[in-house]
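# Coordinates in review
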Amino acid sequence: MVYFVLHQRRNQTQGAARHLNMMDTDQAYQAYAPIYERTGQDRFGAYLAHLTLTWLCAREVVPHRALDLACGTGGATLALAAAGIDTTGVDRSPAMLRIARRRAQDLGLAVLFVAADMRHLEHVEAVRARCFELVTCFGDSINYLTDDGDLHQVFGGVRRALSPGGYVVFDVNTETAFARWDESDQVIFESDDCLVYNRLGYNPATRLGSGRIVWFVRGDNTLWQRGEETHVERAWSDAEIRQALADAGLELVTRLDVTGRILADDDLPERVITVARLTRK
């Protein structure tokens, strides 16, 4: 779940390279969480939640229970809960979840947040014990799945969590987006007391993109403090996503761009929102 260009973008190899990917993923957002909130990056998740509910409402679908995977600081989760949906948020980062829980409390929203890896939903009691009409996963969190079997693990867990007829909606950075990651520095946020910039790179041979996020924050003593994290994403192809959905028993319904426009099969903008459905258990 990173968007490396604010409100626009976010980030399998073998042996040592694979170990590095998992290490980076495990550390992602631990230090960056308060900066993520401070710069308002969760607003994109809230936007996609509203877009999803609008799309469902137009088809007279009203979910009563929703599961938001890789929920981060709760942008989408809180938007779903504010719409009257009984919502559960799951994320690996304790730092992000602390912020999400505080925000839910401030808004007076009863949301269950669970610290867990979305690849292993079968171990999450709060998920196993319920069926959801809607599962969401926003902020290109699917791209953070970098190992060959990750898509199948996540979509298999989604299938088990969905009730018959339930929908899963997620967005990804496409190969079109990764092709523009050219190692240039991009300032994504700047204020009197905070500066954040990214350096994005992409290796077509491994289909891995890396984002080096650097930030400077002015403390109470007027001194600037520096932080840095590296996030890694995989460029999953449209064919891989379609196959993984089919293998999990999830039926592809449609593909949308970020405005909600339906995409043709050969249309591949930088970000694609995928809608799939569980037709039967």
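Check the entry above for the structure.
The number of helices and strands found in the chain is 9 helices and 11 strands. The C-alpha atoms of the chain give a radius of gyration of 18 Å, which matches the 19 Å a tight globule of 281 residues would have. Here the chain displays about 12,100 Å² of accessible surface, and carbon together with sulfur accounts for 52% of that area. Distance between charge centroids for the chain: 3 Å, based on 31 positive and 38 negative side chains.

It is worth spelling out the nonpolar core at this point. In this structure, Leu69, Ile142, Phe155, Phe170 and Leu250 are the most contacted members of the largest nonpolar core, which totals 34 residues. When residues of this core are traced back to their parent elements, those giving at least two are β1 (65-69), β4 (132-137), α7 (150-161), β5 (162-173), α9 (238-247) and β11 (271-277). Counting residues per element, this core draws most heavily on α7, which supplies 5 residues. Counting residues in each nonpolar core, the second largest holds 20 residues, with Leu53, Ala79, Phe138 and Val169 among its members.

Going through the model one piece at a time under the given rule, you end up with 10 aromatic pairs. Judged by centre distance (6.2 Å) and plane angle (45°), the ring pair of tyrosine 29 and tyrosine 32 falls under tilted. Judged on exposure class, the residue tyrosine 29 and its partner tyrosine 32 are both buried. Considering the side-chain rings of tyrosine 29 and tyrosine 144, the 6.3 Å spacing of their centres and the 40° angle between planes classify their relative orientation as tilted. Taken together, the residues span a long stretch of sequence, with tyrosine 29 in the loop between α1 (15-27) and α2 (33-38) and tyrosine 144 in the loop between β4 and α7 at a distance of 115 residues. Among the aromatic residues, those joined into a ring-pair cluster are Tyr29, Tyr32, Tyr36, Tyr144 and Trp215. For the cation-ring pair, arginine 234 lies above tryptophan 236, with the distance from its terminal atom to the ring centre recorded as 3.9 Å.

A word on α7. Given a rise of 1.5 Å per residue, 12 residues ought to cover 16 Å, and the 17 Å separating the end C-alpha atoms of α7 matches this to within 8%. When α7 is considered as a whole, its buried residues turn out to be Asp150, Leu151, Val154, Phe155, Gly156, Gly157, Val158 and Ala161. Packing partners of the buried residues in α7 comprise β1, α6 (125-128), β4, β5 and α9.

Below, the discussion takes up unusual backbone geometry. Although it is not a glycine, glutamate 60 adopts a positive phi angle of roughly 60°. Located in the positive-phi region is arginine 207, a residue other than glycine, with phi close to 60°. For arginine 207, the position within the fold is in the loop between β7 (194-203) and β8 (208-218).

Glancing now at helix α4 (residues 75-82). The buried fraction of α4 amounts to 7 of the 8 residues, a majority that puts the element mostly inside the structure. For α4, the set of buried residues is Gly75, Ala76, Thr77, Leu78, Ala79, Leu80 and Ala81. Lining the buried residues of α4 we find α3 (43-57), β1, β2 (86-91), α5 (94-107), β3 (112-115) and β4.

Moving on, we get to the sheet that holds β8. Pairing in this open sheet of 4 strands is antiparallel, and the strands run β6-β7-β8-β9 from one edge to the other. Looking at strand neighbours, the two that pair on one side only are β6 (182-190) and β9 (224-234), the edges of this open sheet. Across the sheet, the axes of successive neighbouring strands diverge by a mean angle of 15°, strand direction being ignored.

Overall, mixed pairing links the 7 strands, which are arranged β3-β2-β1-β4-β5-β11-β10 in an open sheet. Edge positions in the open sheet fall to β3 and β10 (251-256), since each of these has one partner strand only. On average, each strand axis in the sheet is tilted by 15° relative to the strand beside it, whichever way the strands run. Relative to β2, β1 runs parallel, the two being bridged by 5 bridges. Each bridged residue has a counterpart across the sheet, and for leucine 69 the counterpart in β2 is valine 90. Packed on one face of the sheet, α5 meets β2 and β3 and runs near 175° to β3. Each of β1, β4 and β5 touches α7; the most contacted strand, β5, lies at about 150° to it.

As a further point, take the side chain of aspartate 257. Structurally, aspartate 257 is set in the loop between β10 and β11. A polar side-chain atom of aspartate 257 sits 2.6 Å from a polar atom in the side chain of threonine 259. When neighbours within four sequence positions are excluded, aspartate 257 is seen to be in contact with Leu51, Leu263, Pro269, Arg271 and Ile273.

About the cut-offs
Residues numbered from 1 in each chain as written. Predicted model: local features only at pLDDT ≥ 70, side-chain atom pairs only at ≥ 80, totals over all residues. Heavy atoms only, no water. Helix = DSSP H or I, 4+ residues; strand = E, 2+ residues; numbered from the N terminus. Rg over C-alpha atoms; globule rule 2.2 N^0.38 Å. Areas by Shrake-Rupley, 256 points an atom, 1.4 Å probe, with all protein chains shown as cover. Lys, Arg positive; Asp, Glu negative; His and termini not counted. Charge placed at Lys NZ, Arg CZ, Asp CG, Glu CD. Core = buried A, V, L, I, M, F, W, Y, C linked by side-chain atoms within 4.5 Å. Buried < 20%, exposed > 50% of the residue type's maximum accessible area, 1.4 Å probe, protein only. Phe/Tyr/Trp six-rings, centres within 6.5 Å; stacked < 30°, edge-to-face > 60°. Lys NZ or Arg CZ within 6 Å of the ring centre and 35° of its normal. Expected span 1.5 Å × (residues − 1). Contact = heavy atoms within 4.5 Å. Pairing = 2+ DSSP bridges. Axes fitted to C-alpha atoms, helices over the stretch in contact; angles between N-to-C directions. Polar contact = N/O pair within 3.5 Å; in protein donor to acceptor, adjacent residues only side chain to side chain.

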